[in-house]
Amino acid sequence: NNKEMILGGIASTRDVDREGETLLPEGFDYSYLINNGYINWQHQLSKDPASVIGEPTSARVTDKGLYIEGRLYPDSEMAKKAYQLAKTLEKNSKTRRLGWSVEGKVIERDRLNPKRVTKARITGVALTPMPINPNTMVTIIKAMCDVCTDDDVAVSVEVEANGGQEYL
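Scoring rules and cut-offs
- Residues numbered from 1 in each chain as written.
- Predicted model: local features only at pLDDT ≥ 70, side-chain atom pairs only at ≥ 80, totals over all residues.
- Heavy atoms only, no water.
- Helix = DSSP H or I, 4+ residues; strand = E, 2+ residues; numbered from the N terminus.
- Contact = heavy atoms within 4.5 Å.
- Areas by Shrake-Rupley, 256 points an atom, 1.4 Å probe, with all protein chains shown as cover.
- Core = buried A, V, L, I, M, F, W, Y, C linked by side-chain atoms within 4.5 Å.
- Buried < 20%, exposed > 50% of the residue type's maximum accessible area, 1.4 Å probe, protein only.

(A) Structural context of the overall build of the protein. What the protein contains, in helices and strands, is 2 helices and 9 strands. Written out in order from the N terminus, the α and β elements of the protein read β-β-β-α-β-β-β-α-β-β-β. Looking at the protein alone, contacts between residues at least 24 apart form 70% of all its contacts between residues at least 6 apart. Roughly 8,800 Å² of accessible area belongs to the protein as shown, and the carbon and sulfur atoms make up 49% of that amount.

Right, here's the structure in full:
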């Protein structure tokens, strides 16, 4: 049973978040994220092993910010619930979506404005209904299907998103 649950979206922008911080995606090192990082539910990684619900499959910096895609694990009950919530919100709400929140370590801050993160190592990403940036949205890239083909892949709309909380 090959059920694909693939999500994407802008995970971090250059906008000022609710904590007053600005992250510059062009200063991100996201190699660890792609090679070793996880997608977790609600920043619960250190508290609950079941919160590991998937892994990022690609990342790139675009003019809108850090764009990521990832696949959720089909054997994870939490991943199935998170994916179902993403689908429900996409279908039933014009304004509410799950968001991405990047996790990692700040490497360098702007000396003149310490709230401006110029370099960071991104190690993980959380899927969350409460992102620091209220404009954050997750897009469903590939719907759950028994055997997915390229024809099943929906065109993803790049939407504004931003990481946050105390993680970055």
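(B) Seen up close, the nonpolar core. Core analysis: the biggest nonpolar cluster contains 28 residues, and Leu7, Ile53, Ile68, Leu72, Trp100 and Leu127 have the highest contact counts within it. Only strand E1 (6-12), strand E4 (39-41), strand E5 (52-61), strand E6 (66-72), helix H2 (77-92), strand E7 (99-109) and strand E8 (116-128) provide two or more residues apiece to this core.

(C) Inspection of the environment of isoleucine 140 at higher detail. Inspection of the secondary structure puts isoleucine 140 in strand E9 (residues 139-142). Each C-alpha atom of the pair isoleucine 140 and glutamate 69 lies 9.5 Å from the other, and the pair is 71 residues apart in sequence.

(D) Quick peek at unusual backbone geometry. At glutamine 42, a position not held by glycine, the phi torsion is positive, near 60°. Along the chain, glutamine 42 turns up in the loop between E4 and E5. In this structure, histidine 43 takes a positive phi of about 60° despite not being glycine. Mapped onto the elements, histidine 43 comes out in the loop between E4 and E5. The class for histidine 43 is buried, based on a relative accessible area of 5%.

(E) Quick peek at the environment of aspartate 15. Inspection of the secondary structure puts aspartate 15 in the loop between E1 and strand E2 (22-23). Here aspartate 15 falls in the partly exposed class, since its relative accessible area comes to 35%. On a C-alpha basis, the gap between aspartate 15 and glycine 65 in space is 9.2 Å, while along the polypeptide they are 50 residues apart.

Just geometry here; none of it tells us what the structure is for.
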